[in-house]
Amino acid sequence: MSGTFTQIYIQAIFAVNGRSNLLQKPWRDEVFKYMAGIIKNKGQKSIIVNGVANHVHIFIGLQPSMAISDLVRDVKNNTTNFINDRKLIRSKFSWQEGYGAFSYAHSQIETVYNYILNQEEHHKRKTFKEEYSDFLKRFNVKFHEKYLFDWLE
């Protein structure tokens, strides 16, 4: 698209199916690097990919030619295959349906980057459910509890 110039920064958050703690430390970084590669191969800018055992945050510079829904679908599908093909877990791996996506200004990149970088530390104080609900409330996203992820308590 000649003559089109954009700066769109999106953080997407999605969870392991059942919010199970399946993304284990010995191979988690390999999966996150794989996700970053998918994002790059789709012509998007991967700023940071990180998370904990039960969910992932991806922060991207998104081009308007790519729908966030298509990118998240492709990241989820490809990483599901990556994990299952390598038999990184004993059972079949999958992501829960859905995701959250939140936009940011250029001036917020460093703050969001550091937040995602420090997920392990952050989740010593707050559960994923609390974190995700806080995002929805902070960004004024209307939601119904029954349509959120399947929470294992």
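Residues numbered from 1 in each chain as written. Predicted model: local features only at pLDDT ≥ 70, side-chain atom pairs only at ≥ 80, totals over all residues. Heavy atoms only, no water.

Visitor: I'm lost on helix H5 (residues 128–138) in this one. Help?
Guide: Among the residues making up H5, those that are buried are Phe128, Glu131, Tyr132, Ser133, Phe135 and Leu136. Tucked inside the fold, the buried residues of H5 contact strand S1 (9–15), strand S3 (55–61), strand S4 (100–104), helix H3 (109–117) and helix H4 (119–122). (Buried < 20%, exposed > 50% of the residue type's maximum accessible area, 1.4 Å probe, protein only. Helix = DSSP H or I, 4+ residues; strand = E, 2+ residues; numbered from the N terminus. Contact = heavy atoms within 4.5 Å.)

Visitor: Looking at this structure, how should I read the pattern of salt bridges?
Guide: Working definition: two side chains of opposite charge can pair if their charged atoms are close together. Applying the stated criterion to the full structure yields 7 salt bridges. For Arg73, the salt bridge goes to Asp70, with nearest N and O atoms at 3.2 Å. Taken together, the residues span about one helical turn, with Arg73 and Asp70 both in helix H2 (residues 68–85) at a distance of 3 residues. Residue classification places Asp70 among the partly exposed positions, given a relative accessible area of 30%. Put simply, Lys126 and Asp134 hold a salt bridge, and the shortest N to O gap is 2.5 Å. What you see here is one network of salt bridges that share partners, running through Lys42, Asp70, Arg73 and Asp74. (Salt bridge = Lys/Arg side-chain N within 4 Å of Asp/Glu carboxyl O.)

Visitor: How should I be thinking about the packing of aromatic side chains in this particular structure?
Guide: Each pair of aromatic rings is reported with the distance of its centres and the angle of its planes. A full pass over the atoms with the stated rule returns 11 aromatic pairs. The interplanar angle of 45 degrees and the centroid separation of 6.5 Å between the aromatic rings of Tyr9 and Phe59 together place this pair among those described as tilted. Of this pair, Tyr9 sits in strand S1 while Phe59 sits in strand S3, and the two are 50 residues apart along the sequence. Pair check on accessibility: Tyr9 and Phe59 agree, each one buried. Arranged with centres 4.9 Å apart and planes meeting at 40 degrees, the rings of Phe102 and Phe139 form a pair that is tilted. (Phe/Tyr/Trp six-rings, centres within 6.5 Å; stacked < 30°, edge-to-face > 60°.)

Visitor: Just checking my understanding: could you explain the sheet that holds S1 for this structure?
Guide: In a beta sheet, neighbouring strands pair by backbone hydrogen bonds and run either parallel or antiparallel. As summarised here, the arrangement of the 4 strands in space is S2-S3-S1-S4, forming an open sheet in which the pairing is antiparallel. Each of the sheet's edge strands pairs with one partner strand only, and the pair in question is strand S2 (45–52) and S4. On average, each strand axis in the sheet is tilted by 15 degrees relative to the strand beside it, whichever way the strands run. Its contacts with the sheet place helix H1 (residues 25–41) against S1, S2 and S3, and it is angled at close to 155 degrees to S2. Sheet strands in contact with H3 are S1, S2, S3 and S4, and its direction is about 35 degrees off that of S2. (Pairing = 2+ DSSP bridges. Axes fitted to C-alpha atoms, helices over the stretch in contact; angles between N-to-C directions.)

Visitor: Mind showing me how you'd approach H1 here?
Guide: Owing to its 3.6 residues per turn, the α-helix brings residues three or four apart onto one side. Under the 1.5 Å per step criterion, the end-to-end length of H1 is 25 Å for 17 residues, consistent within 8% with the ideal 24 Å. Looking at the buried residues of H1, the elements they touch are S1, S2, S3, H2 and H4. The first or second residue beyond H1 is Gly43, which carries a positive phi of 80 degrees. (Expected span 1.5 Å × (residues − 1).)

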